[in-house]
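# Inside the fold
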Amino acid sequence: MALSVQGVSKSFGNVRALDSVSVEFEPGEIHAVLGENGAGKSTLMGVLAGFVRPDRGAVVLDGQALRLGDPLSTREAGVRMVHQHFMLVPNFSVAENLALASAQTLWSGLNLERASRGPTSLAARLGWSIDPRARTGGLSVGAQQRVEILKATDGPCRVLILDEPTAVLTPDEVSEAFDYLREIRRAGTAIILIAHKLSEVTGIADRVTVLRQGRVVGQAAMAETDAGQIAEWMVGGRVTSAPTGPAEHGAVLLDVTGLTVLGDRGESTVRSVSLTLHQGEILGIGGVDGNGQVELAEALAGVRPHVSGTVSWPQGAPSVGYIPQDRQTDGLALTMSVADNLAVSRLDDPSARKGPLLRSQVLRESAQSLVKALNIKTPDEQAPAGSLSGGNQQEVVVARAISGKPSVLVAVNPTRGLDIQATADVHNQLRRAAADGAGIVLVSTDLDELDALADRRVFLSRGEFVESLLGAVT
Amino acid sequence: MIRVALTVVGLFLAVVLTLIVFGVDPVKGLGLIVEGAAGDKYGLARTAVRATPLLLCGLGVTIGWRAGMYNIGGEGQYVLGGVTGAAVARLVVPLAPGLASISILASSFVSAGLLAALAGWLQVKRGVQCVISTILMNFLVLQMLAWTVRGPLQESKHELPQTERLPNSLMFKRFDAQVDLHSGVFVALAVAALVWAALSLTRWGFVLRVVGQNRRFAFVNKLGPDAVQVWAMALSGGLCGLAGSVDYLGLVGQIGDGFSQGWGFLAIPVALLGGLHPLGVVASAAFFGALLAGGEGLSRFNTTGATLVYVIQAVAVLGYLYFVRRGRVKEAPAA
């Protein structure tokens, strides 16, 4: 037995991220841990690597309990991790990055050659050509991942954890990556692969554990299970086929055909997507994070350009209310007052203007009435938005988006991080807006939210629509 | 309110501490400073005249910084304003002396505004930080000053590196022949009121503040942050340029190598100490103006003199940044 997780629980605030999780990771075995967003994968990883101290439970390596919440000693004991977002200094050479990883203290001296000796001999054994003097930032993503792996496997490596290792790789690089994982497995290392989707680990994993809502809901040897079973575990007993919503929605507000949108790095994140939205309708768009939802929402909200396809508004130019994913950067000016944040959507409202001047009295009163109507907990409307709790900040964002009575509302994960009451408040706001005739595009990774609100649901997978969540997780 | 009170008390302590460290009896030293700055009409006039360029440049810095554009180029913009004024004077005075003052003021505003707007445009479109580009532009303008006062704008005898002196009739009105007080002081105060109204009361000022607090948020809400920031730089530079021509018309009447006394640089602490608020900047410019005027009084009795004034400024600004603005770092998100 290599690594044994025993009854680990961890809560953040009132969210239970891990609930009495127990798993055994065997040496010489590749063990996939699957689950949706928020299932607890990242927290479990954090506990194993020592970044997160659990509330209860133990992690035992070869009969020795690990010091939890101590990444350095965990690493020394032989539990190593390859992060999805590489922990490399791009301007350093490969050798310098390797030396940085093996440096014990600030004063332990620097010998680039000695630091890269072990890793380069491993690289040679794996048949990789890696130039220790190359600038890391100039390497391909696949090569950077190899540097990460060399960094992780330098020194005692009993357990190797890889977070979404294939997410960033091209298909060729994936098959190469699988080859060297098998090579590392041969040495008796326990390998843990974290993944969102089954397809990322088929053909490599020996065993699979599925997490949902912080619990282990299924575990099996890959040879003894199938994709249907695993998807069932991941999604649970929830309804996953698209229900047909009430048909009596109003006219078509928004008609999108063949929309293609680029992400921040110029990759196409939304691929030829088509959709229609009716008055009074809530269209739910689900799927696993990072499959183009945010980019699609930004394109519909007019914040991100599209490179091809058409977006037409049969009822004339709409007023679009937008509830962005990230309230801290996109949704609020945290240093400005709640009233100012609410005023932003009313700057061109004739009742709030007198020529170039703003009617501050009108804006203040409307802020006061919104704060009251939505029961936003703030000392007064002049308090900085950043001084409110997350849930109340989100309510300010929602209040602003809805207060202008938009004909179309685009909402991205509008209740992420909110407690039950705040979630119910926001849901009621959205339902009311739809009842008043607005069309709502609701992007959410939370299936329960889609169940509760959406008339129709589609799921995004790699930038394309699929009919069911099963399609999005397998 | 508490912040204002703390700032005033802190400034007072800074002055006293600096005097003590320099071995000056604080009571006597403070007395000399107050007397030099406000003891008689000469002192008051000195204070007002020193404060004028600080106020105009400080307002310029305020507009830029409130929009998230860190204009460090006030010095160059001030000088460019003065040089433009001298050039326009040379062209316009022979043709239409009646239009001289207004065209000198307007052209200095426009030329310095364009220079700063270029820096703003470079940041918004090309990612060149204003902090860097405006500093570099300072050097550019100072070289241009050195060239023009030896070349195209040199006085007619071609003896000294300076422009022709403006006839007294074209200078700003002086209220008392014995003191320097000129009507440019009131131009500066009127501009302060205008900037306050623009920032606090108008849609434009509101949008500018939103852009400065969170550019991405402004973008998501379709407030057009690019245009706002370029305009903010244009006005920021324009006011610094205006400061140059106001000093040209009010004080010196001719431009030489040493035209600027570092007003554009000193305006940055003036704006910060004024809390980047137009009315605060009025108070802060008055304080620094008084310190400079009073320092001249002090230097007549004490060898430490003007140096002491700069030390007091440094202590005051560092203290202000440490105690008052420190909290802001935590409030503001990294973005």
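Residues numbered from 1 in each chain as written. Chains lettered and ligands numbered in written order. Predicted model: local features only at pLDDT ≥ 70, side-chain atom pairs only at ≥ 80, totals over all residues. Heavy atoms only, no water.

## What about the overall build of chain A?
The number of helices and strands found in chain A is 15 helices and 21 strands. Here the C-alpha radius of gyration of chain A, 25 Å, is about what a compact globule of 474 residues would show, namely 23 Å. Projecting the C-alpha coordinates of chain A onto the three principal axes gives extents of approximately 75 × 50 × 45 Å. Counting over 474 residues, chain A shows a buried share of 52%. (Helix = DSSP H or I, 4+ residues; strand = E, 2+ residues; numbered from the N terminus. Rg over C-alpha atoms; globule rule 2.2 N^0.38 Å. Buried < 20%, exposed > 50% of the residue type's maximum accessible area, 1.4 Å probe, protein only.)

## Section: the overall build of chain B
Of the regular secondary structure elements, chain B holds 14 helices and 0 strands. In terms of overall dimensions, chain B is globule-like: its C-alpha atoms have a radius of gyration of 20 Å, near the 20 Å expected for 335 residues. Sequence separation of at least 24 residues holds for 74% of the intrachain contacts in chain B that already meet a minimum separation of 6. A total accessible area of about 15,100 Å² is found for chain B, and carbon and sulfur atoms account for 69% of it. For chain B, the centre of its 24 positive side-chain charges and the centre of its 14 negative side-chain charges are spaced 14 Å apart. (Contact = heavy atoms within 4.5 Å. Areas by Shrake-Rupley, 256 points an atom, 1.4 Å probe, with all protein chains shown as cover. Lys, Arg positive; Asp, Glu negative; His and termini not counted. Charge placed at Lys NZ, Arg CZ, Asp CG, Glu CD.)

## Re the packing of aromatic side chains
Residues and elements named next belong to chain B. If you walk through the whole model with that rule in mind, you get 4 aromatic pairs over all chains. Each ring, one from W65 and one from Y70, has its centre 5.0 Å from the other, and the planes form 90 degrees; the classification is edge-to-face. Taking the relative accessible area as the measure of exposure, Y70 reaches 40% and is therefore partly exposed. When the centroid spacing of 5.0 Å and the interplanar angle of 20 degrees are considered together, the rings of Y78 and F259 count as stacked. (Phe/Tyr/Trp six-rings, centres within 6.5 Å; stacked < 30°, edge-to-face > 60°.)

## A look at the confidence of the model for chain B
All names here are of chain B. Counting all residues, the mean pLDDT for chain B is 89, and 95% of those residues have values of 70 or more. Ignoring residues within four places in sequence, the model shows residues 327–335, a span with pLDDT below 50, making 5 contacts including any to other chains. Under the prediction, the complex receives an ipTM of 0.85, its pTM being 0.77. (pLDDT = per-residue confidence, 0-100.)

## Overview of the sheet that holds strand 14 (residues 306–312) of chain A
All names here are of chain A. Spatial ordering of the open sheet is given by 12-11-14, a layout of 3 strands whose pairing is antiparallel. Lying at the two open borders of the sheet, with one neighbouring strand each, are strand 12 (268–278) and strand 14. Adjacent strand axes in the sheet meet at a mean angle of 5 degrees when their direction is disregarded. The sheet contact formed by strand 11 (residues 252–262) and strand 14 spans 5 bridges and is antiparallel. The residue of strand 14 that forms the bridge with T257 is T310. Contacting strand 11 and strand 12, helix 8 (residues 293–300) crosses the sheet at an angle of about 125 degrees to strand 11. (Pairing = 2+ DSSP bridges. Axes fitted to C-alpha atoms, helices over the stretch in contact; angles between N-to-C directions.)

## A few points about a nonpolar patch on the surface
Among the surface-exposed residues, Y70, V131, I132, I135, L136 and F139 of chain B lie close enough to one another that they form a single nonpolar patch of about 540 Å² accessible area. Structurally, the position occupied by F139 of chain B is in helix 6 (residues 130–148). (Patch = residues over 30% accessible without salt bridge, like charges linked within 9 Å, V, L, I, M, F, W, Y side chains within 5 Å. Salt bridge = Lys/Arg side-chain N within 4 Å of Asp/Glu carboxyl O.)

## Topic: the interface of chain B and chain A
Across the boundary between the two partners, chain B contributes 20 residues, which contact 25 residues of chain A. A combined buried area of about 1,900 Å² lies between chain B and chain A, and 65% of that area is made up of carbon and sulfur atoms. The interface formed by chain B and chain A holds 3 salt bridges in total. When the shortest N-O distance is used, the salt bridge between E298 of chain A and R216 of chain B registers 3.1 Å. (Buried area = accessible area lost by both parts, 1.4 Å probe.)

## Overview of the nonpolar core
In this structure, L54, L59, F206, V210, Y248 and I255 of chain B are the most contacted members of the largest nonpolar core, which totals 98 residues. In terms of residue count, helix 10 (residues 225–252) of chain B provides more of this core than any other element does, 10 residues in total. Beyond its immediate chain neighbours, meaning those up to four positions away, F206 of chain B contacts M336, D340, A343, V344, L347 and L358 of chain A together with L199 of chain B. Within the second largest apolar cluster, 41 residues are counted, among which are L169, V174, V210 and A220 of chain A. (Core = buried A, V, L, I, M, F, W, Y, C linked by side-chain atoms within 4.5 Å.)

## Some remarks on the pattern of salt bridges
Going through the model one piece at a time under the given rule, you end up with 26 salt bridges over all chains. Across the pair D180 of chain B and R174 of chain B runs a salt bridge whose closest N-O atoms are separated by 3.2 Å. The residue R215 of chain B makes a salt bridge to D226 of chain B at a minimum N-O spacing of 2.4 Å. Here R215 of chain B is found in helix 9 (residues 215–220), whereas its partner D226 of chain B is found in helix 10, with 11 residues between them in sequence. For D226 of chain B, a relative accessible area of 26% gives the class partly exposed. Three or more residues are tied together by salt bridges with common partners; here these are D264, E298, R304 and D330 of chain A together with R216 of chain B.

## Some words on the sheet that holds strand 4 (residues 56–61) of chain A
All names here are of chain A. Strands sit in the order 2-1-4-5 across an open sheet of 4 strands; the sheet is antiparallel. Looking at strand neighbours, the two that pair on one side only are strand 2 (15–25) and strand 5 (64–65), the edges of this open sheet. Pairing analysis gives 7 bridges linking strand 1 (residues 3–12) to strand 2, with the strands arranged antiparallel. If you follow K10 over to strand 2, its bridge partner there is L18.

## As for the packing of helix 3 (residues 41–66) of chain B against helix 11 (residues 263–273) of chain B
Residue and element names in this part refer to chain B. Contact geometry of helix 3 with helix 11 gives a least axis separation of 7 Å together with a crossing angle of 65 degrees. One way to sum up the angle between helix 3 and helix 11 is to call them roughly perpendicular. By crossing handedness, the relation of helix 3 to helix 11 is classed as right-handed. When helix 3 is examined against helix 11, the residues R50, P53, L54, C57, G58, V61, T62 and W65 are found in contact with a partner set consisting of W263, G264, L266, A267, I268, V270, A271 and L272. (Parallel < 35°, antiparallel > 145°, perpendicular 65-115°, else oblique. Left-handed = near helix turned anticlockwise from the far one by under 90°.)

## Thoughts on the environment of F206 of chain B
Along the chain, the position of F206 of chain B falls in helix 8 (residues 203–213). Taking the C-alpha atoms as reference, F206 of chain B lies 14 Å from L194 of chain B; in sequence the two are 12 residues apart.

## Some remarks on unusual backbone geometry
Residue and element names in this part refer to chain A. Non-glycine residue S272 carries a positive phi angle of around 50 degrees. For S272, the position within the fold is in strand 12. A positive phi angle is found at R462, which is not glycine, with a value near 50 degrees. When you line up the elements, R462 lands in the loop between strand 20 (456–461) and strand 21 (464–466).

## Some remarks on the side chain of E281 of chain A
Residues and elements named next belong to chain A. Within the element layout of this structure, E281 appears in the loop between strand 12 and strand 13 (282–286). Judged by relative accessible area, E281 falls into the buried class, the value being 2%. Within the structure, E281 has its side chain in polar contact with the side chain of R456 (distance 2.7 Å). If near-sequence neighbours (up to four positions away) are discounted, E281 is found in contact with H249, T276, A438, G439, I440, D455 and R456. (Polar contact = N/O pair within 3.5 Å; in protein donor to acceptor, adjacent residues only side chain to side chain.)

## Remarks on the confidence of the model for chain A
The predicted coordinates ought not to be read in detail in places where the model reports low pLDDT. In the predicted model, chain A carries a mean pLDDT of 85, and 93% of its residues have values of at least 70. Segment residues 239–245 of chain A: pLDDT under 50, and 16 contacts once partners within four positions in sequence are set aside and those in other chains are kept.

## Re the side chain of E148 of chain A
Mapped onto the fold, E148 of chain A is located in helix 5 (residues 141–153). With near-sequence residues (within four places) excluded, E148 of chain A lies in contact with V82, H83, F86, M87 and L88 of chain A.

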